[in-house]
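Here are the chains, one letter per residue:
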Amino acid sequence: MARILVTGGAGFIGSHLCERFLNENHEVVAVDNLLTGDRDNIAHLFENRKFSFLEQDITTYLYVRGDLDVIMHFASPASPVDYLELPIQTLKVGSLGTHKALGLAKEKKARILVASTSEVYGDPLVHPQQESYWGNVNPIGPRGVYDEAKRFMEAMTMAYRRSHGVDTRIVRIFNTYGPRMRMRDGRVVPNFMCQALQNEPLTVYGDGSQTRSFCYVDDLVEGITRLLWSDEQDPVNIGNPSEMTIQQFAEKIIKLSGSRSPIERRPLPEDDPKVRQPDITKAKRVLDNWGPKVSLDEGLGKTIGYFKSKLGLEA
Ligand code: UDP
């Protein structure tokens, strides 16, 4: 059994990773400064004696006593609204936080998996996005703080692998949804679901023709876990290739939640990618035929159930 550190362990994906590792009987240390993470996401894990939590800002300090076998580096604001409000923190955790996580991995001789993103492809000119595509990122636009921090993270990770022989893994995560997303994080899934459940207008940005491809968190966690224990050291896309327009997505949420909400148009945020779809050929090949298993309707149904209870709307 391994001893695993999860940075951003109280976040959406981080908390699901902690849970998965504990279920497999590993020991888990979660670190989070609770800037966008939430103690509620891990409250149920505290009774497990193999779980511990450190409230720390990893941009200034990251140390854990004892041996570590694995570091999962998942700390970062992850919603465009969050990184607009927290631009410096977003840059710092992707750069300084990554440096500290890599340094700790070197010191402990631990394997490290870093959470990169489809945002490294920017507003992509190649569709769907393969790992070999270098991207189309605006470094000085409002999203640049996240995109460039994550690109720096990948570069730093490769440097530690090449110069120090650190055992690294890089996952590029595409749009993911599921229980424990923050209700007001501003991303399309919590926004549309909370709006629909309260019969408020769904706010579609732009003309709604931009596309995204949504992956349920359990499928993502399975892919990440397989990558962690694989030998693949180059970046791997993990996501669900089923692509749709945001207008179609709004209509789907209204239908699935039985809502009476209308759809309203809002201005399209600057540099909002026009299309996004993962090419998961590589993941399939190197991760033992991994692919998403949870259908969109099933995953969205579970997530609507989660937001219903968060809003105090249980049937
Ligand atoms: N979006 C929208 N309405 C919202 C929130 C988001 O139309 O209330 C759009 C947004 O412009 C983008 C897509 O939904 O095209 C996905 O946005 P999200 O913030 O979830 O993440 P992104 O994929 O852009 O990183």
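Residues numbered from 1 in each chain as written. Predicted model: local features only at pLDDT ≥ 70, side-chain atom pairs only at ≥ 80, totals over all residues. Heavy atoms only, no water.

**Section: the overall build of the protein**
This is how the line gets drawn: Helix numbers and strand numbers start at the N terminus; a helix is a DSSP run of H or I with at least 4 residues, a strand a run of E with at least 2. The globule rule is 2.2 Å times the number of residues to the power 0.38, and the radius of gyration it is compared with is taken over C-alpha atoms. Using a 1.4 Å probe on the protein chains alone, a residue whose accessible area is under 20% of its type maximum counts as buried, one over 50% counts as exposed, and one in between counts as partly exposed. We call two residues in contact when some of their heavy atoms are within 4.5 Å. In this description, accessible areas are obtained by the Shrake-Rupley approach with a 1.4 Å probe, and a residue is regarded as covered only by the protein chains that are shown. Within this scheme the basic residues Lys and Arg register as positive and the acidic residues Asp and Glu register as negative, but His and the chain ends are omitted. Note that the charge is assigned to NZ on lysines, CZ on arginines, CG on aspartates and CD on glutamates.
Within the protein one finds 9 helices and 13 strands. For the protein, the C-alpha radius of gyration of 19 Å lies close to 20 Å, the compact-globule estimate for 315 residues. With the C-alpha coordinates aligned to their principal axes, the bounding extent of the protein is approximately 55 × 45 × 40 Å. Residue burial in the protein is summarised as follows: out of 315 residues, 57% are buried. Nonlocal contacts in the protein, meaning residues at least 24 apart in sequence, comprise 80% of its contacts between residues at least 6 apart. For the protein, the accessible area works out to roughly 13600 Å², and carbon and sulfur atoms hold 50% of it. Once the 39 positive and 41 negative side-chain charges of the protein are each reduced to a mean point, those two points are 2 Å apart.

**With respect to the nonpolar core**
The following threshold applies: Joining through side-chain atoms within 4.5 Å is the link that ties buried Ala, Val, Leu, Ile, Met, Phe, Trp, Tyr and Cys residues into a set, and such a set is a nonpolar core.
Counting residues in each nonpolar core, the largest one holds 61 residues, and the members touching the most others are Phe51, Met72, Phe74 and Ile224. Residues in contact with methionine 72, not counting those within four places in the same chain, are Ile4, Leu5, Val6, Thr7, Leu17, Phe21, Leu113, Ile224 and Leu228. Counting 23 residues, the second-largest nonpolar core is a separate cluster that includes Val64, Val114, Met153 and Met158.

**Side note on the site of the ligand**
Applicable threshold: A cutoff of 4 Å decides nearness: a residue is near a molecule or strand if any of its heavy atoms lies inside that distance of it. As used in this structure description, the phrase polar contact means that two N or O atoms lie within 3.5 Å; if the pair is within protein, one of them must be able to donate a hydrogen and the other to accept it, and residues adjacent in sequence are counted only when both atoms belong to side chains. Classes in brief: Ala, Val, Leu, Ile, Met, Phe, Trp, Tyr, Cys and Pro nonpolar; Asp, Glu, Lys and Arg charged; the others, Gly included, polar.
Inspection of the region around the ligand gives 18 residues, with Asn191, Thr203, Tyr205, Arg212 and Asp272 positioned closest. At 2.6 Å, a side-chain N or O of arginine 212 approaches an oxygen atom of the ligand. Burial of the ligand by the protein chains amounts to 96% of its free accessible area of 520 Å². Breaking the shell around the ligand down by element, the ones donating at least two residues are helix H5 (188–197) and strand S8 (202–205). The residue inventory of the shell around the ligand, partitioned by class, reads 7 nonpolar, 5 polar and 6 charged.

**Overview of the packing of helix H3 (residues 87–108) against helix H4 (residues 144–164)**
To be explicit about the condition: Fitted lines through C-alpha atoms serve as axes, helices being fitted only where they are in contact, and the angles separating the N-to-C directions of these axes extend from 0 to 180 degrees. Any angle between 65 and 115 degrees counts as roughly perpendicular, while under 35 counts as roughly parallel, over 145 as roughly antiparallel, and the rest as oblique. Left-handed describes a crossing whose near helix is turned anticlockwise from the far helix by less than a right angle; the clockwise case is right-handed.
At a closest axis distance of 8 Å, the pairing of H3 and H4 adopts a crossing angle of 15°. With respect to each other, H3 and H4 are oriented roughly parallel. Both H3 and H4 take part in a crossing whose hand is right-handed. Residues Pro87, Thr90, Leu91, Gly94, Ser95, Thr98, His99, Leu102, Gly103 and Lys106 of H3 form the contact with H4, whose own contacting residues are Val145, Tyr146, Ala149, Phe152, Met153, Met156, Thr157, Tyr160 and His164.

**A short note on the packing of aromatic side chains**
Rules: Pairing of aromatic rings covers Phe, Tyr and Trp, the last counted by its six-membered ring, and requires centre-to-centre distances within 6.5 Å; plane angles under 30 degrees mean stacked, over 60 mean edge-to-face, and any other angle means tilted.
The tally for this structure, following the rule as stated, stands at 9 aromatic pairs. On the basis of an interplanar angle of 85° and a centroid distance of 5.4 Å, the ring pair of phenylalanine 46 and phenylalanine 51 is categorised as edge-to-face. On the basis of relative accessibility, which here comes to 39%, the residue phenylalanine 46 falls in the partly exposed class. Judged by its relative accessible area of 7%, phenylalanine 51 falls in the buried class. Their ring planes at 70° and their centres at 5.3 Å tell us that tyrosine 306 and phenylalanine 307 sit as a pair that is edge-to-face. Assessed through its relative accessible area of 17%, tyrosine 306 is described here as buried.

**With respect to the sheet that holds strand S4 (residues 70–73)**
Inclusion rule: When DSSP locates at least two bridges between a pair of strands, those strands are taken to pair.
Within the open sheet, the 7 strands sit side by side as S3-S2-S1-S4-S5-S6-S11. Their pairing is parallel. Of all the strands in the sheet, just strand S3 (51–55) and strand S11 (236–238) have a single pairing partner and so form its edges. Pairwise comparison of adjacent strand axes, ignoring direction, gives a mean angle of 20° for this sheet. In this structure, strand S2 (residues 27–32) lies alongside S3, joined through 5 bridges in parallel fashion.

**Things to note about the environment of asparagine 25**
Assignment of secondary structure puts asparagine 25 in the loop between helix H1 (12–23) and S2. Look at asparagine 25 and you get partly exposed, because its relative accessible area is 44%. Expressed as a C-alpha distance, the spacing of asparagine 25 and lysine 50, which sit 25 residues apart in the sequence, is 7.9 Å. Dropping the residues within four chain positions of it, asparagine 25 is found in contact with Met1 and Lys50.

**Brief notes about the packing of H5 against helix H7 (residues 246–256)**
Between H5 and H7, the shortest axis-to-axis distance is 10 Å and the interhelical angle comes to 40°. The angle between H5 and H7 places the two elements in the oblique class. The handedness of the crossing between H5 and H7 is right-handed. Note on element contacts: H7 touches H5 through Ile246, Phe249, Ala250 and Ile253, opposite Val188, Val189, Phe192, Met193 and Ala196. Class assignment of the residues belonging to the contact of H5 with H7 gives a composition of 9 nonpolar, no polar and no charged.

**With respect to the pattern of salt bridges**
Any two side chains of opposite charge can pair, so long as their charged atoms come close to each other. So the rule is basically this: Each reported salt bridge corresponds to a side-chain nitrogen of Lys or Arg within 4 Å of a carboxyl oxygen of Asp or Glu.
Following the criterion strictly, the structure yields 22 salt bridges and no others. With a shortest N-O distance of 2.7 Å, arginine 111 and aspartate 167 are connected by a salt bridge. Of this pair, arginine 111 sits in strand S5 (residues 111–117) while aspartate 167 sits in the loop between H4 and strand S6 (168–173), and the two are 56 residues apart along the sequence. Among the salt bridges present, the one from lysine 302 reaches glutamate 298, with a minimum N-O distance of 3.8 Å. Within this pair, lysine 302 and its partner glutamate 298 are both found in helix H9 (residues 296–310), separated by 4 residues, close to a single helical turn. Of the residues examined, glutamate 298 reaches a relative accessible area of 41% and is grouped as partly exposed. What emerges from the salt-bridge pattern is a single network uniting Glu119, Arg143, Arg212, Asp272 and Arg276.

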